Amino acid sequence: MAQVRRRDEARESGEGGIRTPERGQPPLRDFQSRPFNHSGTSPGRPSVAVGKRPGQSESTGPAPKGGKGSDGGGPTLLLSIDFEDWHQLVRRRVGCSDWERPGPALSRQTDALLALLDELKLRATFFILGMAARAHPGLIEGLAARGHEIGCHGDRHLPVHSQSPGEFASDLRAARATIEQLTGRVPIGYRAPAFSITGTSDWAYDVLAAEGFAYDASAHDTPSLRDRPQAAKGAPHPLELPTGQTLWEFPVAVWHARLGGVPIGGASYWAVLPSTLVLRGLERAGPLAGLYVHPHELDPQPLRPQLGGGAQLKARLHASARAVQRNSARRRAPAMLRAIARRFRLIPYGDAHAQLSGAGGTAA
Ligand SMILES: [Zn+2]
């Protein structure tokens, strides 16, 4: 709450607090024409090796099989995977006592996802959930080696606004410890579970910077999320924090149409919107708009909750309803990702951050 006051005061006074660009004045006017390098020799550094300070330059490693990254010729978009175990989350939600055991499908989902990224010659940012990584260490270890950026999705998938700043910092540290141990990388990017940094929990930006993160990818100006921070709107931009540190913010793609905002950055939206509308919206979503998919949305087989024999009927019905909802997104996600890749350049968040922050923090 204190952060909100600081930001409001900053807007009014023009000094102090977190400073963000005004909506409609993206700081990156020229980046659409900026020559992003999509090869394995990209100057970007999606993550850095253990022992280096976050933000230090490092090669991202080899590109996926096929060499160059995606270049659909259109505007550049940022591609991310919120890497989590759907079965863990749904079992916890319905109260299963053994919810933390590894889900039965993440391995299959990851294989399908990586095969699709290879097919499309894409590198992506994997925002990895700590508890999923611990349950599936073998899946995590290979991601960085394939040239993908390693980011952080927190540890327990708890809403940021439900935590205190200290609890949030502890969650970040737990996730990073797991991620660093399994990948040898220190993630510099973060995405909040369910985009849950709100106006009353925007102290999270200070915590992220204090914990060494260089950018946040949680801003999502969708009407379904209440209490959005002001920073959720607009193009990627630096947040100038009261500590003097800078945290870059990369919003999820939202098409601000005449009649209101249309979220189009995630596979759950692709399930219900005509593909032509999604593609048209992405053309107009603004610079470096963010896309996100989950491994379960690329599952070649239907999602089945598999709660175990002791689950009550209410829990079974709830889990089944969630499976039906997710299966509709799962059916369309691969084709939509192919269509988007044909039309747009898709790069990891870290590549964009490296170029923008390397340009001095503003391109306006
Ligand atoms: Zn998530």
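Since we're looking at a predicted model, the values are computed, not measured.

A.B. asks: Just give me the short version of the overall build of the chain, but keep the residues and values in it.
C.D. replies: A tally of regular secondary structure across the chain gives 11 helices and 13 strands. In the chain, which comprises 364 residues, the share counted as buried stands at 51%. Long-range contacts, defined here as pairs at least 24 residues apart, represent 79% of the contacts in the chain between residues at least 6 apart.

A.B. asks: Could you give me a rundown of helix α2 (residues 86-93), with the residues and numbers involved?
C.D. replies: Where burial is concerned, most of α2 is hidden: 6 out of the 8 residues are buried. By the burial criterion, the buried members of α2 are W86, H87, Q88, L89, V90 and R91. In the segment just after α2, G95 is the residue with positive phi, at about 90°.

A.B. asks: Mind laying out helix α6 (residues 165-183), listing which residues take part and the relevant values?
C.D. replies: Every α-helix carries 3.6 residues per turn, so stepping three or four residues along brings you back to the same face. The first and last C-alpha atoms of α6 sit 26 Å apart over 19 residues, in line with the 27 Å expected at 1.5 Å per residue. Along α6, the residues classified as buried are F168, D171, L172, A175, R176, T178, I179, L182 and T183. Within α6, the buried residues cover an arc of 165° as seen down the axis, which keeps them to one side. Counted as exposed and oriented over 90 degrees from the buried face of α6: G166 and A177. Where α6 is buried, its residues contact β3 (125-128), α4 (130-135), α5 (137-145), β4 (149-152), β5 (185-187) and α7 (204-210). Of the residues trailing α6, G184 is marked for its positive phi of about 75°.

A.B. asks: A description of unusual backbone geometry should follow, citing residues and the corresponding values.
C.D. replies: You will see that A194, though not glycine, has its phi angle at about 55°, which is positive. Note on placement: A194 falls in the loop between β6 (189-190) and α7. Positive phi is not limited to glycine here, since F195 has a value of about 55°. Here F195 lies in the loop between β6 and α7. Judged by local crowding, F195 falls into the buried class, with 23 C-beta atoms found within 10 Å.

A.B. asks: Explain the confidence of the model for the chain to me, using residue names and the numbers behind them.
C.D. replies: Put simply, the chain has an average pLDDT of 79, and 73% of its residues get 70 or more. Across residues 1-69 the pLDDT falls below 50, and counting only partners more than four positions away or on other chains, this stretch makes 152 contacts in the model. Note on residues 360-364: pLDDT is under 50 here. Beyond four places in sequence and across chains, it has 12 contacts.

A.B. asks: Tell me what's going on with the pairing of β4, and back it up with residues and numbers.
C.D. replies: Going residue by residue along β4, you find E149 and G151 tucked away on one face and I150 and C152 tucked away on the opposite face as well. Pairing of β3 with β4 involves 4 bridges; the strand directions are parallel. Across the sheet, residue I128 finds its bridge partner in β4, namely C152.

A.B. asks: Please provide a residue-by-residue account of the environment of G265, values included.
C.D. replies: With respect to the secondary-structure elements, G265 resides in the loop between β11 (260-263) and α8 (267-270). Residue class for G265 comes out buried when judged on the 26 C-beta atoms lying within 10 Å of it. Distance in space between the C-alpha atoms of G265 and G290 is 6.2 Å, their sequence separation being 25 residues. Those residues within four positions of G265 in sequence are excluded, and the remaining contacts are V252, A253, V254, A289, G290, L291 and Y292.

A.B. asks: Pulling in residues and values, what's your account of the pairing of strand β9 (residues 246-249)?
C.D. replies: Looking at chain direction, strand β7 (residues 215-216) and β9 are connected through 2 bridges and run parallel. When the sheet's bridge partners are listed, Y215 is paired in β9 with W248. Where strand β8 (residues 237-240) and β9 come together, 4 bridges link them in antiparallel fashion. In the sheet register, H237 faces β9, and the bridge partner there is E249. What sits between β8 and β9 in their antiparallel hairpin is a turn of 5 residues, with G244 showing a positive phi close to 95°.

A.B. asks: So, the environment of A175: which residues are in play, and what are the values?
C.D. replies: Looking at where A175 falls in the secondary structure, it is placed in helix α6. Ignoring sequence-local partners within four residues, the contact set of A175 consists of G130, C152, G154 and D155.

About the cut-offs
- Each chain has its residues counted from 1, following the order in which its sequence is written.
- Thresholds applied to this predicted model are a pLDDT of at least 70 for local features of residues and 80 or more for the giving and counting of side-chain atom pairs; totals over whole chains, interfaces and linings are not thresholded and use all residues.
- Each helix is a run of DSSP H or I of at least 4 residues and each strand a run of E of at least 2, with the numbering of both proceeding from the N terminus.
- Three classes are used. A residue is buried when 20 or more other C-beta atoms lie within 10 Å of its own, exposed when 12 or fewer do, and partly exposed in between, with C-beta atoms placed from the backbone.
- By the convention adopted here, residues make contact when the C-beta atoms placed from their backbones lie within 7 Å.
- A helix's residues, less one, multiplied by 1.5 Å, set its expected span.
- The arc in question is traced by the directions running from the helix axis to the C-beta atoms.
- One confidence number per residue, pLDDT, is output by the predictor and ranges from 0 to 100.
- When DSSP finds two or more bridges between a pair of strands, those strands are recorded as paired.

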